[in-house]
Amino acid sequence: MSYEIEQFTGASEAWDIAESLTRNGGVIIRELVSPEIMDQIYQQTLNGLTEKELSSDSMLWPEGNRTTSALPTHSSLYVENLALHNKVLEVMDLVLKPACPMALAADGTSPAGTDIEELGLMNVEEISKEAGQIVFRSPDDSAPSCSYYKLGIGAMLEVGEGMKVPQPLHRENAIYQPFVSRMHIPEFLVSTMWAGSDFTAENGATRVVPGSHEWPEERITKQEEVVQATMPKGSVVLWLSRTLHGAAPNTIGTPRTGYFASYVANWLASEENQYIAVPPEAAAKLSDRGRQFVGYRSSSYLGWVKGRDQDDLLKPGTGGQI
Ligand SMILES: O=C(O)CCC(=O)C(=O)O
Ligand SMILES: [Fe+2]
């Protein structure tokens, strides 16, 4: 079977993009935002951070590259124009199948969803009246797999002269794998990487292994199975939690600037602790949806604070049961 990274545009149907993503493990949407927006995001990011703060020093990001996480604190444009881009949200709604979709309805409002936990609660109440016992009904395959999704990591990842060899190919689900590998669960994590500069074969465009989301863990990639997400500035590549990928070396000196956002089901801990990365004062500067996306939101059962608005945990409301 041969796989590839198909390329779509903002005019493509979200359903077609989502279908290609789930079939091939990765997909590109070309030129979704203007190069000017990408430049403004770069300025916001650099203005907020010193070179020392941007310097990297880790296994995946050795010295000589520039990285920062906690990006929503530094760039509201990153949140509003990239992470919350409606075409990306439409695709996420389909692939992660939340009970409360994030994509905007035609009138600009967020469509009201049904909280899966509330559905559960309704069933519970019905059953427990007679039995005096709480019994959860198993959802069928059409049931949403999360109430909503939220930001896992928000980061700028700039490949520079420090990326001398390819970043090891890896799967993003590795952080949850020891705990979830025995469970049969639907997709719970999708990653996106936006091109803040053109992504080329020479400057470190993300390497993706189409089809690898279906491989057994032990299968080793052959060189010819790797493709690079080459794409113009303002484009975005999406990949699934089990798709092998990694940054490529930079052989020309001019950096490759990428903006990363992962989307994770509400019932998992986000990889980056967003409440520390984006403390309440920083979250208060975002739009309502931006604030929800970085985690200031709860479902009926998970993440609530008594007396707080479930849709905006910074506001008083009637949320929280105990
Ligand atoms: O920067 C890239 O192209 C990929 C980075 C990545 O996958 C990671 O750091 O986990
Ligand atoms: Fe990664």
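Scroll up to find the structure.
Residues numbered from 1 in each chain as written. Chains lettered and ligands numbered in written order. Predicted model: local features only at pLDDT ≥ 70, side-chain atom pairs only at ≥ 80, totals over all residues. Heavy atoms only, no water.

Considerations on the pairing of strand β8 (residues 236-240)
Part 1 of the argument: Of all 5 residues in β8, 5 are buried, a share of seventy percent or more.
Part 2 of the argument: The side-chain alternation of β8 yields two buried faces, one formed by Val 236, Leu 238 and Leu 240 and the other by Val 237 and Trp 239.
Part 3 of the argument: Pairing geometry for strand β2 (residues 26-30) and β8, over 4 bridges, is antiparallel. Its bridge partner being in β8, Ile 29 is matched across the sheet by Val 236.
Part 4 of the argument: As judged from the 5 bridges shared by strand β5 (residues 189-195) and β8, these two strands associate in the antiparallel manner. Opposite Val 190, over in β8, you have Leu 240 as the bridge partner. (Buried < 20%, exposed > 50% of the residue type's maximum accessible area, 1.4 Å probe, protein only. Helix = DSSP H or I, 4+ residues; strand = E, 2+ residues; numbered from the N terminus. Pairing = 2+ DSSP bridges.)

Description of the site of ligand 1
Part 1 of the argument: In the region of ligand 1, the neighbouring residues are Leu 60, Trp 61, Leu 157, Gln 167, His 170, Glu 172, Met 193, Thr 206, His 245, Ala 247 and Arg 256.
Part 2 of the argument: In this structure, Glu 172 approaches ligand 1 through a side-chain N or O atom, which is 3.5 Å from an oxygen atom.
Part 3 of the argument: Look at ligand 1: alone it shows 290 Å² of surface, and the protein chains cover 92% of it.
Part 4 of the argument: When the residues that make up the shell around ligand 1 are grouped by side-chain class, the tally is 5 nonpolar, 4 polar and 2 charged. (Near = heavy atom within 4 Å. Polar contact = N/O pair within 3.5 Å; in protein donor to acceptor, adjacent residues only side chain to side chain. Areas by Shrake-Rupley, 256 points an atom, 1.4 Å probe, with all protein chains shown as cover. Nonpolar A, V, L, I, M, F, W, Y, C, P; charged D, E, K, R; others polar.)

Topic: the coordination of the iron ion (ligand 2)
Part 1 of the argument: Looking at the metal site, the iron ion (ligand 2) is ligated by His 170 (NE2), Glu 172 (OE) and His 245 (NE2), spaced 2.1 to 2.2 Å from it.
Part 2 of the argument: One chain supplies every donor to the iron ion (ligand 2), and in sequence these donors are spaced H-x1-E-x72-H. Placement of Glu 172 in the loop between β4 (149-159) and α8 (177-180) and of His 245 in strand β9 (residues 245-246) is noted, with a sequence separation of 73 residues between them.
Part 3 of the argument: Given the relative accessible area of 13%, Glu 172 is considered buried.
Part 4 of the argument: The class for His 245 is buried, based on a relative accessible area of 3%. (Donors = N, O, S within 2.8 Å, 3.2 Å for Na, K, Ca; no water.)

Keep in mind that these numbers describe shape and distance, not what the molecule does.
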